[in-house]
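Results of the structural survey
Here is what each chain is made of, one letter per residue.
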Amino acid sequence: MRIAILTSGILPIPAVQGGAVENLVDFYLEYNKHYHIHDITVYSVWNEKVKSHPALSASVNHYQYIDTSSIWARIKRFIYSVFHKNEYYNYFIEYFFEEAYKDIRKKQYDCIILENRPGYAYKLVKRGYNNIVLHLHNDLLNNETPYHQDVFNSLSLILTVSDYIKNRVSTIEPSNKIHTIHNGIDLSRFAKKENSPINREKLGLTNNDFVMVYSGRINKDKGVEELIDAMLLLQNIKSIKLLIIGSTFFGNAANEDDFVRSLKEKSQPVKHRIIFTGFVPYHQMPDYIQLADIAIIPSIWDDPFPTTILEAQAMGLPIITTNRGGITEEVGKENALIVSTGADFSLRLADAIQLLYNDPQKRNKMSKESLQHSKYYDKNRFAKDFFNTLKDIKP
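All of the points below concern the structure found in this document. (Residues numbered from 1 in each chain as written. Predicted model: local features only at pLDDT ≥ 70, side-chain atom pairs only at ≥ 80, totals over all residues. Heavy atoms only, no water.)

Brief notes about the sheet that holds strand 1 (residues 2-6)
With parallel pairing, 7 strands are arranged side by side in an open sheet as 3-2-1-4-5-6-7. A strand with exactly one partner marks an edge of an open sheet, and here the two such strands are strand 3 (61-66) and strand 7 (178-180). Between one strand and the next, the sheet's axes are offset by a mean angle of 20 degrees, whatever the strand orientation. One ladder, built from 4 bridges, connects strand 4 (residues 111-115) with strand 5 (residues 132-136); its direction is parallel. The residue bridging Glu 115 from the neighbouring strand is His 135, located in strand 5. Contacting strand 1, strand 4 and strand 5, helix 4 (residues 118-126) crosses the sheet at an angle of about 170 degrees to strand 5. The sheet strands contacting helix 13 (residues 379-389) are strand 2 (39-45), strand 4, strand 5, strand 6 (157-160) and strand 7, and the helix crosses strand 6 at an angle near 165 degrees. (Pairing = 2+ DSSP bridges. Helix = DSSP H or I, 4+ residues; strand = E, 2+ residues; numbered from the N terminus. Axes fitted to C-alpha atoms, helices over the stretch in contact; angles between N-to-C directions. Contact = heavy atoms within 4.5 Å.)

Topic: the side chain of Ser 162
Mapped onto the fold, Ser 162 is located in the loop between strand 6 and helix 6 (163-169). With a relative accessible area of 0%, Ser 162 lands in the buried category. Apart from the residues lying within four places of it in its own chain, the contact partners of Ser 162 are Thr 180, His 182, Pro 304, Phe 305, Gly 326 and Glu 329. (Buried < 20%, exposed > 50% of the residue type's maximum accessible area, 1.4 Å probe, protein only.)

Thoughts on the packing of aromatic side chains
Across all of its chains, the model carries 23 aromatic pairs by this definition. Residues Tyr 376 and Tyr 377 carry aromatic rings whose centres are separated by 4.9 Å and whose planes lie at 80 degrees to one another, so their mutual orientation is edge-to-face. Among the residues examined, Tyr 377 registers a relative accessible area of 4% and is labelled buried. Stacked on the ring of Tyr 89, the Lys or Arg Arg 117 has its end atom at 5.1 Å from the ring centre. (Phe/Tyr/Trp six-rings, centres within 6.5 Å; stacked < 30°, edge-to-face > 60°. Lys NZ or Arg CZ within 6 Å of the ring centre and 35° of its normal.)

Looking at the sheet that holds strand 13 (residues 336-339)
What the 6 strands build is an open sheet, ordered 10-9-8-11-12-13; its pairing is parallel. Each of the sheet's edge strands pairs with one partner strand only, and the pair in question is strand 10 (274-278) and strand 13. Within the sheet, the average angular offset between the axes of one strand and its neighbour, ignoring direction, is 20 degrees. The pairing of strand 12 (residues 319-322) with strand 13 spans 4 bridges and is parallel. Bridging across to strand 13, Ile 320 finds its partner in Leu 337.

Here's the deal with unusual backbone geometry
In this model, Ile 13 is joined to Pro 14 through a cis peptide bond whose omega is -5 degrees. Note on placement: Pro 14 falls in the loop between strand 1 and helix 1 (20-35). Of note in the backbone geometry, His 36 takes a positive phi value of approximately 55 degrees without being a glycine. Inspection of the secondary structure assignment puts His 36 in the loop between helix 1 and strand 2. On the basis of relative accessibility, which here comes to 48%, the residue His 36 falls in the partly exposed class. In the Ramachandran plot, Asn 86 falls in the positive-phi region, its phi being about 60 degrees despite a non-glycine side chain. Inspection of the secondary structure puts Asn 86 in the loop between helix 2 (71-83) and helix 3 (91-104).

Function-wise, these values are silent; they only describe arrangement.
Next comes the structure, spelled out in structure tokens:
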């Protein structure tokens, strides 16, 4: 088939600025490059870093870039915003869609795949398009979202990253056109290596420290504040250290918002035991994660399917996490302690941390289970499942 991929319009493909959605797109494009399954054109925002990326050499994958950041593009975006108010998304995203559509309408595609943008379907179906597939990563289509029935009816397939998201879409109506395709990661990348450029000593850690790692964006929903509260409850155990990897947004190495500053202020009583790394490029993540004894993903929102859990599992780490969203679909009871959120959440986190701190045998067993559990979440299995599901589309 000839397929168009409409990305979110925020981060570029290839994923030179990171992004969970963007990395997944890279995975299935890489699979397509190897197996020549479809002829695919990806519509992405432009970024200078993509210029020399090897992915652009693929004969079956084509990249169509939309300029959204130059001065001229910003002027055009502003003009667009003046004349197009109250659309499905904000003017930035709508402008990206309309610029991509100028090229799409000139070509004949058998299928259009929307990456996490159900509102695009609402516009495309009005313009006579069918065979529209939504790859849904977040809770963006349910019985409370705008025009939900119209959007749902316009879609031929809905591919969700977890059963949690599938069930949310099913609040509109149950349907056999909704399929769960669990995410994958590059397992070869997330494997421990002997000669890493990053070691504990460089970060002020010792081999006797019990190191916990949190990785991901830092915002209120991710439970990082509650994790710091748990550290304060455990401040008498001097060897417990916390490595917080991430920033407020992908690719944002320098900026620090009020929330991050408030976390650093709160952590002052244990400031020598909490390390904020800031943004770490994706290719360096394994070097940091492998320094840890356990991983903590303390989401207090309904996290759809965080890949940070998959990455920690692949590195053989025991997991402490929560029962929110699709998280429980990623882990097993053998490799994870699942903590309920709500009142006294930080206390329960502290108890789980202390349990693993005091039981190296349990940690060792959980580590082996994490490695075993991670094998299913290979990027090639994800890509294969993704393309197999598209066989339901009839050009």
